[in-house]
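Each chain is listed here by its residues.
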Amino acid sequence: MPDQTVRALSGIHHVTAIAGDPQRNAEFYVGTLGLRLVKRSVNQDDPGTYHLFYADARGSPGTDLTFFPYPHGLGGVRGNGQAITVAFAIPEEAVDFWTSRLARAGVDADRAAGPFGEEAIAFSDPDGLRLALVAGAGTAEREMWSPWLDGPVPVDVAIRGLHGITLQEAGVDPTAAFLTSVLQFRLVDEASGLMRFGTGPGTSGAILDLLPQPGERRGRVAAGTVHHVAWRTPDDHEQRAWRDQIATGGVEITPVIDRFWFHSIYFREPGGVLFEIATDGPGFTADEAPERLGERLVLPPWLEPERPGIEAALPPLRLARVVGEGRPVR
């Protein structure tokens, strides 16, 4: 049974996926979806590739979709043991805007009611990562959302942050049991073969949908798939408590890793999806002024001595800013 002295995880911190070409990736997420590139860095475990962070104006926890782009990497395979869909929250009145915007951008999108009664727009990014825009998904509760006033999308219809993720598994258990008994999630709804779990408030930004698909193949993580899902905890003290609780349950878990903008621990849920628990701080403004986020390659201090070699290995990324209908200014 979970230790009730551990505060519930407050929601999704970020989701990290794999991409192909970094230029194409940046133009889609900034130019089309209107997210801000708040941190241009490298994969700290593989510094020869970028780590690109797209979020709200300040990179608030719960708004980040991040990518490791590998220009010559293989495409991934969706299947069991994966997070297969990343959903963003948009205002209820923004559905027509986004339907038109995606169509003008040549994105094939499907507008329909979701299984839990939410109006949603489903589509994929250029590498095939499945995305959704969910309307009216608690956008009024987004206290941490910071609007990007200079972005290509009007603030009143802009993406408000992450809504939820969908996990595909071979069966309900042992993942469902792990979510409720170890991570303190609770089952909040069931519909159309999906089980909806919530953590913290259990509302938009704190949702995990579980899709059991017995007999389906296992997925392979590469371009167009999710690498890991990070959950929020406020500080180092709470993170240490979570690490102790998860380790006590017999789950292999990493030591606390300093990612400079937050601290992280990693483990796999029983179905195989890589989870992270990340602290809310210090945040992306720890090393860049809010108005200059994402404009240059930023490295954590321990990688600075390797900057010449890192910069030589990275492909150019010429997206400086985005205006109008998402046209990049190079």
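Below you will find a few notes about this structure. What you see is a predicted model, and the numbers here were worked out from it, not measured in a lab. (Residues numbered from 1 in each chain as written. Predicted model: local features only at pLDDT ≥ 70, side-chain atom pairs only at ≥ 80, totals over all residues. Heavy atoms only, no water.)

Description of the sheet that holds strand β6 (residues 110–113)
Strand order in this open sheet of eight strands is β6-β7-β8-β5-β9-β12-β11-β10, and the pairing throughout is mixed. The outermost strands of the open sheet, each flanked by one partner alone, are β6 and β10 (186–191). Within this sheet the neighbouring strands show an average axis-to-axis angle of 25 degrees, counted without direction. Examined bridge by bridge, strand β9 (residues 161–169) and strand β12 (residues 207–212) share six bridges and lie parallel to one another. By the bridge assignment, Thr166 is partnered in β12 with Asp209. Its contacts with the sheet put helix α2 (residues 95–104) on β5 (82–90), β6, β7 (119–124) and β8 (130–135), and the angle it makes with β7 is roughly 20 degrees. (Pairing = 2+ DSSP bridges. Helix = DSSP H or I, 4+ residues; strand = E, 2+ residues; numbered from the N terminus. Axes fitted to C-alpha atoms, helices over the stretch in contact; angles between N-to-C directions. Contact = heavy atoms within 4.5 Å.)

So, the layout of surface pockets
In this model, the largest pocket occupies a volume close to 560 Å³. Together, 29 residues line the largest pocket, and Thr85, Pro115, Ala122, Ala132 and Thr166 are the ones closest to its centre. Contributions of two or more residues to the lining of the largest pocket are made by β5, β6, β7, β8, β9, β11 (194–198) and β12. (1 Å grid on protein atoms, 1.4 Å probe; cavity = no way out; pocket = protein on both sides within 12 Å on 5 of 7 lines; lining within 4 Å. Points joined across faces, edges and corners; volume = space filled by probe spheres on them.)

Observations regarding empty space enclosed by the protein
Inspection of every chain in the model, using the stated rule, returns two cavities of 30 Å³ or more. Roughly 130 Å³ of internal volume is contained in the largest cavity. Considering only residue class, the lining of the largest cavity consists of eleven nonpolar, five polar and two charged. Of the pockets and cavities examined, the second largest cavity occupies roughly 30 Å³. The wall of the second largest cavity is formed by Arg78, Gln82, Ala83, Ile84, Gly128, Leu129, Arg130, Gly224, Thr225 and Val226. With three residues, β5 is the largest single contributor of residues to the lining of the second largest cavity. Its residues assigned to classes, the lining of the second largest cavity shows four nonpolar, four polar and two charged. (Nonpolar A, V, L, I, M, F, W, Y, C, P; charged D, E, K, R; others polar.)

A look at the side chain of Gln239
Relative to the assigned elements, Gln239 resides in helix α4 (residues 236–248). Each residue touching Gln239, except ones within four places of it in the same chain, is listed here: Thr233, Val256, His263, Ser264, Ile265, Ile277, Ala278 and Thr279.

Remarks on the side chain of Thr49
If you trace the backbone, Thr49 turns up in strand β3 (residues 46–55). Once residues within four sequence positions are removed from consideration, Thr49 is found in contact with Val42, Asn43, Phe68, Pro69, Tyr70 and Leu314.

Details of helix α1 (residues 22–32)
Taken across its eleven residues, α1 has nine buried, putting it largely inside the fold. Taken as a whole, α1 has its buried residues at Pro22, Gln23, Asn25, Ala26, Phe28, Tyr29, Val30, Gly31 and Thr32. Phi turns positive one or two residues past the end of α1, at Gly34, with a value near 75 degrees. (Buried < 20%, exposed > 50% of the residue type's maximum accessible area, 1.4 Å probe, protein only.)

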